[in-house]
Amino acid sequence: MAYDILIKGGTVVDGTGLPGYRADVAISDDRIAAIGDLKGESAKDTIDADGLTVSPGFVDGHTHMDAQVFWDHLGGNSCWAGVTSVVMGNCGFTLAPCSEKQKSLVLHNFERAEDIPIEAMEAGIPWQWDTFPEYLDVVDALPKGINYASYVGHSALRTHVMGERAMEEEADADDYAALKRELEASMRAGAIGFSTSRTNAHRTPLGKPVASRMASWDEFAGLVGLLGELGTGIVEIARQNGIDDPDELRAEQDSIRRLAVDTGVPFTFGSSFYRRTHPDHWRSQIGMVDQAISEGARMMIQGTATWNVSLRSFETRTPYDVLPVWNTFRKLPLEEQEKGLRDPAMRAKLVGAVHAHCHKPDPALPNLFQRPVDWDWIFPLTRTLPPFPSVADIARERGHDPVDVFIDLALENQLKLFFIQPSNNEDQDFVRALISHPATAVTFSDAGAHVATTINPIHGHLLGHWVRNEGAMTLEAAVRKISFDVASFFGLEGRGWLREGNYADVCVFDPDTVAPAMPNLVRDLPAGAPRIIQKTDGIKHTIVNGQRFMNDNEHTGAYAGRLMRGPLCHN
């Protein structure tokens, strides 16, 4: 028989963690038709995979593509990392349920908490829904390069039911009944679960808590219980980090563990457990997960494979842009800023303002201004895999002040150099332990959020750094962490595993060269808003639902992606 695509001579790493083997992979329509020695078989399209790895398309379980899906049909940056399926709607933030007249409430939740420019959302989202089922139908009809699944978000549920009160009050009995009705309707329409946030990192532009943070624990637990009654769906929770009081920390962990055990609902959350200020919290957090699993719960920790980082630059934002002198100076065109930084008098004012500054967190400001600057933990991004020398290291070598070195390095690169500022997971020994834990998948890119300040190239970093350079795990184990483990936890049937009859979502990559590429800033969002693009080197071919989507990370023109609905939906 003639297949549609025949991938010949590659090493098949099927996603299960079993050893790779040399084989051909045949695709017919949207499915894997055969795997094995297919000599003599013909196909309309043949891919030579000699020397390459043939794996399932990667699955990213933590993205915020909810707005981006309307203006970016490719699905960047995920689409350039070998990712073929993503889960959006994390942390309680979805665009539905919400009527157009109330959209400002939902957009406020996105604007500061996820750093998505309000002007881009206003210009780029054609509002055509009130309910979550209607929203899914709109997304279903969009052209899509990759596959999407979505939670329904707690903050959106609350603002839909309670209006502005959702930002200020706990739900009353009538509100709670309405929240349950909307959640059930969303699940029956195809939501894969329910997401929420309880972390103080998630705020509105006024510095106030997002709507889900105003919910009582009883409200949250009751909504989770509804999923248990329905017998389907998972819960994603952005948990509070950095709890200082040990009794409070233990109570938070026990509450989540008991709820997961009692309801039988799978729980997942991010792995930002390690901070220099709380170096041992991760041990009790992972201990809680181990205990919950031993008691019959299902839990998955979402790992990142690297630091959680923000990027700083003169093209985007620097850590000192809120200082009056810097604020005025940074409004100048970039070429004028370059002249000013070379002018001794102007530079002295800027450096002097930094030295005179006393850091005080202000919840009304974006997260990037919440942390004091530590030059030992600011790194020029001159390469994409470790080791990275810090600004302080370079300052000591040069015998200069770190602020001057920061400016000098930027000038040496025409002000286009990015600087890495880790927010947590700084200890790489922790990251190594995290990604090796059996309850962890590497699946927290945050794609679609913080688009001008953050990139998390988790897939290229895992394969390039931890597998190839460090030998911390086998290639087969790493591929499982970014494919089968994620797809199976989220119930994405037929994905994340190269197996006859499964969907033909395939990534063909070079294990000797795969690594994050250098990022660059573009202004291609609606209304000209900026975002950082970062591709992954070594990704040779990406196939989605049986169609070539990317060749060497260049789009083929295919849009074969689909909306993946949850099991209660019978559409």
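For the structure itself, consult the block above.
Predicted, not measured: the structure shown is a model, and the values here were computed from it.

Attention now moves to the overall build of the protein chain. Within the protein chain one finds 17 helices and 25 strands. Against the globule reference of 25 Å for 571 residues, the protein chain gives a C-alpha radius of gyration of 24 Å, in line with a compact fold. Projected onto the principal axes, the alpha-carbon positions of the protein chain cover approximately 75 × 60 × 45 Å. Counting every position in the protein chain, which comprises 571 residues, the buried fraction comes to 61%. Here the contacts in the protein chain between residues at least 6 apart in sequence split such that 75% fall between residues at least 24 apart. With 53 positive and 77 negative side-chain charges, the protein chain shows a spacing of 2 Å between the two charge centroids.

The next thing to look at is helix 6 (residues 217–230). Its 14 residues place the ends of helix 6 20 Å apart at the C-alpha level, agreeing with the 20 Å of an ideal helix rising 1.5 Å per residue. Burial of helix 6 is extensive: 10 of the 14 residues sit out of reach of the surface. Taken together, the buried positions of helix 6 are Glu219, Phe220, Ala221, Gly222, Leu223, Val224, Gly225, Leu226, Leu227 and Leu230. Where helix 6 terminates, the next one or two residues include glycine 231, which has phi positive at roughly 75°.

Rolled over the atoms, a probe as big as a water molecule pinpoints where empty space is left. For the second largest pocket, the calculated volume is near 530 Å³. Forming the walls of the second largest pocket are 22 residues, and the residues nearest its centre are Pro117, Thr316, Arg317, Ala452 and Pro530. Listed by contribution, the elements that provide at least two residues to the lining of the second largest pocket are helix 1 (103–113) and helix 2 (118–124). Its residues placed into classes, the lining of the second largest pocket shows 10 nonpolar, three polar and nine charged.

The subject of this paragraph is the packing of helix 5 (residues 173–189) against helix 6. Between helix 5 and helix 6, the shortest axis-to-axis distance is 10 Å and the interhelical angle comes to 40°. In this view, helix 5 runs oblique relative to helix 6, as classed from their interaxial angle. The two elements helix 5 and helix 6 cross, and the hand of that crossing is right-handed. Facing helix 5, whose interface residues are Tyr176, Leu179, Lys180, Leu183, Glu184, Met187 and Arg188, helix 6 presents Glu219, Gly222, Leu223, Leu226, Leu227 and Leu230.

Of all five residues in strand 13 (residues 299–303), five are buried, a share of seventy percent or more. On strand 13, burial covers both faces: Met299, Ile301 and Gly303 on one face and Met300 and Gln302 on the other are all buried. Pairing of strand 12 (residues 267–270) with strand 13, which is carried by four bridges, proceeds in the parallel orientation. The residue bridging phenylalanine 267 from the neighbouring strand is methionine 299, located in strand 13. Relative to strand 17 (residues 440–442), strand 13 runs parallel, the two sharing three bridges. Bridging across to strand 17, isoleucine 301 finds its partner in threonine 440.

Before going further, it helps to spend a moment on the sheet that holds strand 10 (residues 193–197). The strand order 9-10-11-12-13-17 describes an open sheet built from six strands, whose pairing is parallel. With one partner strand each, in any of the chains shown, strand 9 (152–153) and strand 17 form the two edges of the open sheet.

Okay, the packing of aromatic side chains next. How two aromatic rings sit relative to each other is set out by the distance from centre to centre and by the angle between their planes. Throughout the structure, instances matching the rule amount to 23 aromatic pairs. Each ring, one from tryptophan 375 and one from phenylalanine 406, has its centre 5.3 Å from the other, and the planes form 45°; the classification is tilted. With tryptophan 375 in the loop between helix 11 (344–356) and strand 15 (379–380) and phenylalanine 406 in helix 13 (residues 402–412), the pair connects residues that are 31 residues apart, well separated along the chain. Each member of the pair, tryptophan 375 as well as phenylalanine 406, carries the same accessibility label: buried. Grouped by ring-pair contacts, the aromatic residues Phe314, Tyr320, Trp326, Trp375, Phe406 and Phe419 constitute a single cluster. The ring of phenylalanine 269 is capped by arginine 239, whose NZ or CZ atom sits 4.6 Å from the centre of that ring. Geometry around tyrosine 503 places arginine 495 over its ring, the cationic atom sitting 3.8 Å from the centre.

With that settled, consider empty space enclosed by the protein. Within the structure shown, the criterion is met by three cavities of 30 Å³ or more. Looking at the largest cavity, its volume works out to about 270 Å³. Lining the largest cavity we find 24 residues, and of these Asn77, Ser78, Ala447, Ile455 and Asn456 sit closest to its centre. Where the lining of the largest cavity is concerned, the elements lending two or more residues are helix 15 (458–469) and strand 21 (531–533). Residues that form the lining of the largest cavity fall into these classes: nine nonpolar, 12 polar and three charged.

The next point concerns the pairing of strand 11 (residues 234–238). The buried fraction of strand 11 is high, at five of five residues. Of the two faces of strand 11, both are covered, the one formed by Ile234, Glu236 and Ala238 as well as the one formed by Val235 and Ile237. Two strands pair when backbone bridges link them, and strand 10 and strand 11 are joined in this way by five bridges, in the parallel orientation. Note that in strand 11 the partner of serine 197 across the bridge is alanine 238. Strand direction decides the pairing type here: strand 11 and strand 12, joined by two bridges, are parallel. Counterpart to glutamate 236 in the pairing with strand 12 is threonine 268.

With that settled, consider the nonpolar core. In terms of nonpolar packing, the biggest core is built from 98 residues, with Phe70, Leu95, Tyr135, Phe267 and Leu463 touching the most fellow members. Ranked by residues supplied to this core, first place goes to helix 6 with seven residues. Not counting residues up to four positions away in its chain, the partners in contact with leucine 95 are Asp66, Ala67, Phe70, Val106, Leu107, Phe110, Ile125, Trp127, Trp129 and Tyr135. By size, the runner-up hydrophobic cluster in this structure holds 26 residues, among which are Phe314, Tyr320, Val405 and Leu411.

Along the chain, valine 13 turns up in the loop between strand 1 (2–12) and strand 2 (21–28). Classification of valine 13 as buried rests on a relative accessible area of 1%. Along the backbone, valine 13 and serine 55 are 42 residues apart, and their C-alpha atoms lie at a distance of 5.0 Å. Here valine 13 is in contact with Gly20, Thr53, Val54, Ser55, Pro56, Leu475, Glu476, Val479 and Leu498, once residues within four sequence places are set aside.

Rules used throughout
Residues numbered from 1 in each chain as written. Predicted model: local features only at pLDDT ≥ 70, side-chain atom pairs only at ≥ 80, totals over all residues. Heavy atoms only, no water. Helix = DSSP H or I, 4+ residues; strand = E, 2+ residues; numbered from the N terminus. Rg over C-alpha atoms; globule rule 2.2 N^0.38 Å. Buried < 20%, exposed > 50% of the residue type's maximum accessible area, 1.4 Å probe, protein only. Contact = heavy atoms within 4.5 Å. Lys, Arg positive; Asp, Glu negative; His and termini not counted. Charge placed at Lys NZ, Arg CZ, Asp CG, Glu CD. Expected span 1.5 Å × (residues − 1). 1 Å grid on protein atoms, 1.4 Å probe; cavity = no way out; pocket = protein on both sides within 12 Å on 5 of 7 lines; lining within 4 Å. Points joined across faces, edges and corners; volume = space filled by probe spheres on them. Nonpolar A, V, L, I, M, F, W, Y, C, P; charged D, E, K, R; others polar. Axes fitted to C-alpha atoms, helices over the stretch in contact; angles between N-to-C directions. Parallel < 35°, antiparallel > 145°, perpendicular 65-115°, else oblique. Left-handed = near helix turned anticlockwise from the far one by under 90°. Pairing = 2+ DSSP bridges. Phe/Tyr/Trp six-rings, centres within 6.5 Å; stacked < 30°, edge-to-face > 60°. Lys NZ or Arg CZ within 6 Å of the ring centre and 35° of its normal. Core = buried A, V, L, I, M, F, W, Y, C linked by side-chain atoms within 4.5 Å.

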